[in-house]
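Here is how the chains run, residue by residue.
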Amino acid sequence: TADKLGLITRMLDAGVKRIEVASFVHPGRVPQMADAEAVIAGLPDRDDISYIGLCLNKRGVLRGLATREGNKRGIDEAGCVVVASDTFGQKNQGQTIKEGIRENREMIRFAKAEGLKAQVTISAAFGCPFEGAVDPETVMHIAEEMAAEDPMEIALADTIGVGVPAQVSDLFGRLRELLPNHITMRAHFHDTRNTGIANAWAAVQAGVETLDSSLGGLGGCPFAPNATGNIATEDLINLLSRSGVEHGLDLRKAIATNQWFEGVMGRPLPSLVARTEA
C-alpha cells in the first residue's frame, strides 16, 4: 500500500491531474487490488486532481461511494467497464455483452445520481483472446447504449494489444461520429505486439484527447492469456512532446519515478524511453 501511494504521489508531482488509483474487484480474484480502500484513504487531498476507481459491477460503485463517506475525499470518478466479447466478459466479470450493457447502464445512472462522475471503457474493442476478431458494429452498438446514459467519456480499450493504427483510426472515427460533442473519447492500449505507441498517435490524429498509460509499461490483465502492460507513460510523454502536443507532464520526473519503482518491483520496467533517457 505504501509503495502504491508513493508511486501515485510521485506521478502527481510529475504533473498528472487524473489517475486511476484503485480497482474495486473481488480480492479473491485479483489479490493485488485487495487494499483499494486503504490506498484511497491515503491519497493527497488535492482539488486539482481527479481520482478514478475502476468498477466492474454495481458492488464496485457502492465501494467507490463508500470511500467518500464521513467527509472523506474518496474517488471522483467511477470507471465502468463493459466487454465487447461474451467469452472474455464472462471470464473477466461474469457478464455477457447483453448483461454488461444492462449492468453498466445502471452503474452509470447510479454513480451520477450519487454525485460521482461516470465514464465507461469498452474493453476488448480491438480483439478478444478467446473469440478472435471483434466486429466493429458490436463495439458501436455498445457505445450507443452507453452514450444513452450520458457518461462524461467513452473509451475504447485494446485489452490484448492486437490493434493496429488503421483499426484505431477506423473505430475512433466511427465513435466520434456517433457521440455528441460533450462526451469525449479516451484510448487505452496495451503494447503486447509492439504497436501501442503507434496506436496512440493514430488515436490523437482521430481526435482522442485522453490516452491511458502506466508508469514503465506496467499492467496486464489476469484474465487475458499472455497479456502485457499498457503503453508506458514515459514513452507516451516522449511521443507527444516531440510531436508538439501539450500534455503538462515532466518526463524527467516520470523517469525518476520509473527508476525508484524498479527497486520496488525488483526488476527493470518495460519502458524504452526510461532506459535511453536515464
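Located above this text is the structure these notes cover.
Residues numbered from 1 in each chain as written. Predicted model: local features only at pLDDT ≥ 70, side-chain atom pairs only at ≥ 80, totals over all residues. Heavy atoms only, no water.

1. Quick look at the overall build of the protein chain
- Within the protein chain, the regular secondary structure consists of eleven helices and seven strands.
- With the C-alpha coordinates of the protein chain rotated into their principal frame, the extents come out at 50 × 45 × 35 Å.
- Out of the 278 residues in the protein chain, the part that is buried amounts to 51%.
- The long-range fraction of contacts in the protein chain, counting pairs at least 24 apart against all pairs at least 6 apart in sequence, stands at 71%.
- The positive charge centre, built from 28 side chains, and the negative charge centre, built from 36, are 3 Å apart in the protein chain. (Helix = DSSP H or I, 4+ residues; strand = E, 2+ residues; numbered from the N terminus. Buried < 20%, exposed > 50% of the residue type's maximum accessible area, 1.4 Å probe, protein only. Contact = heavy atoms within 4.5 Å. Lys, Arg positive; Asp, Glu negative; His and termini not counted. Charge placed at Lys NZ, Arg CZ, Asp CG, Glu CD.)

2. Description of the sheet that holds strand β4 (residues 117–123)
- The sheet built from seven strands is open, its strands ordered β1-β2-β3-β4-β5-β6-β7 with parallel pairing. Strands with a single pairing partner mark the edges of an open sheet, and in this sheet they are β1 (18–24) and β7 (210–211).
- With four bridges connecting them, β4 and strand β5 (residues 153–158) associate as parallel partners. Bridge pairing links Ile-122 to Leu-156 in β5. (Pairing = 2+ DSSP bridges.)

3. Digging into the nonpolar core
- In terms of nonpolar packing, the biggest core is built from 85 residues, with Ile-122, Val-139, Ile-154, Leu-156, Phe-172, Leu-175 and Phe-189 touching the most fellow members.
- Of all the elements, helix α6 (residues 136–147) adds the most residues to this core, at six residues.
- What Phe-172 contacts, discounting residues up to four positions off in sequence, is Phe-126, Leu-156, Met-185, Arg-186, Ala-187, Phe-189, Ala-203, Ala-206 and Val-208. (Core = buried A, V, L, I, M, F, W, Y, C linked by side-chain atoms within 4.5 Å.)

4. Things to note about the packing of helix α7 (residues 165–178) against helix α8 (residues 196–205)
- The contact between α7 and α8 brings their axes to 8 Å, and the two run at 30°. Judged by the inter-axis angle, α7 sits roughly parallel to α8. Along this stretch, α7 crosses α8, giving a crossing that reads as right-handed. Contact residues: α7 offers Pro-165, Val-168, Ser-169 and Phe-172, while α8 offers Ala-198, Asn-199, Ala-202 and Ala-203.
- A class-by-class count of the residues in the contact of α7 with α8 yields six nonpolar, two polar and no charged. (Axes fitted to C-alpha atoms, helices over the stretch in contact; angles between N-to-C directions. Parallel < 35°, antiparallel > 145°, perpendicular 65-115°, else oblique. Left-handed = near helix turned anticlockwise from the far one by under 90°. Nonpolar A, V, L, I, M, F, W, Y, C, P; charged D, E, K, R; others polar.)

5. Describing the packing of aromatic side chains
- Using the criterion set out here, one finds three aromatic pairs in the structure.
- Centre to centre, the rings of Trp-260 and Phe-261 are 5.5 Å apart; their planes meet at 45°, and the pair counts as tilted.
- Overall, the relative accessible area of 7% leaves Phe-261 in the buried class.
- Over the aromatic face of Trp-260 sits the side chain of Arg-10, whose NZ or CZ is 3.8 Å from the ring centroid.
- When the ring centre of Phe-130 is taken as origin, the NZ or CZ atom of Lys-91, which lies over that ring, is 5.0 Å away. (Phe/Tyr/Trp six-rings, centres within 6.5 Å; stacked < 30°, edge-to-face > 60°. Lys NZ or Arg CZ within 6 Å of the ring centre and 35° of its normal.)

6. Things to note about helix α10 (residues 251–265)
- With 15 residues, α10 should cover 21 Å at 1.5 Å per step; its first-to-last C-alpha distance of 20 Å lies within 8% of that length.
- Residues of α10 that are buried: Leu-251, Ala-254, Ile-255, Thr-257, Asn-258 and Phe-261. With its buried residues spanning 155° around the axis, α10 presents them on a single face.
- Its buried side turned inward, α10 meets α1 (2–13), α9 (233–242) and α11 (273–277).
- At the N-terminal end of α10, a side-chain oxygen is found 2.9 Å from the backbone nitrogen of Arg-252, two or three residues along, and the residue is Asp-250.
- Positive phi appears at Gly-266, one or two residues downstream of α10, with a value of about 75°. (Expected span 1.5 Å × (residues − 1). Arc of directions from axis to C-beta. Polar contact = N/O pair within 3.5 Å; in protein donor to acceptor, adjacent residues only side chain to side chain.)

7. Considering the packing of helix α3 (residues 58–66) against helix α5 (residues 97–113)
- Closest axis-to-axis distance for the α3/α5 pair is 9 Å, and the angle between their directions is 20°. As summarised for this structure, α3 and α5 are arranged roughly parallel, according to the angle between their axes. Here α3 and α5 pass one another in a crossing that is right-handed. Of the residues in α5, those in contact with Lys-58, Val-61, Leu-62 and Leu-65 of α3 are Glu-103, Glu-106, Met-107, Phe-110 and Ala-111.
- Its residues placed into classes, the contact of α3 with α5 shows six nonpolar, no polar and three charged.

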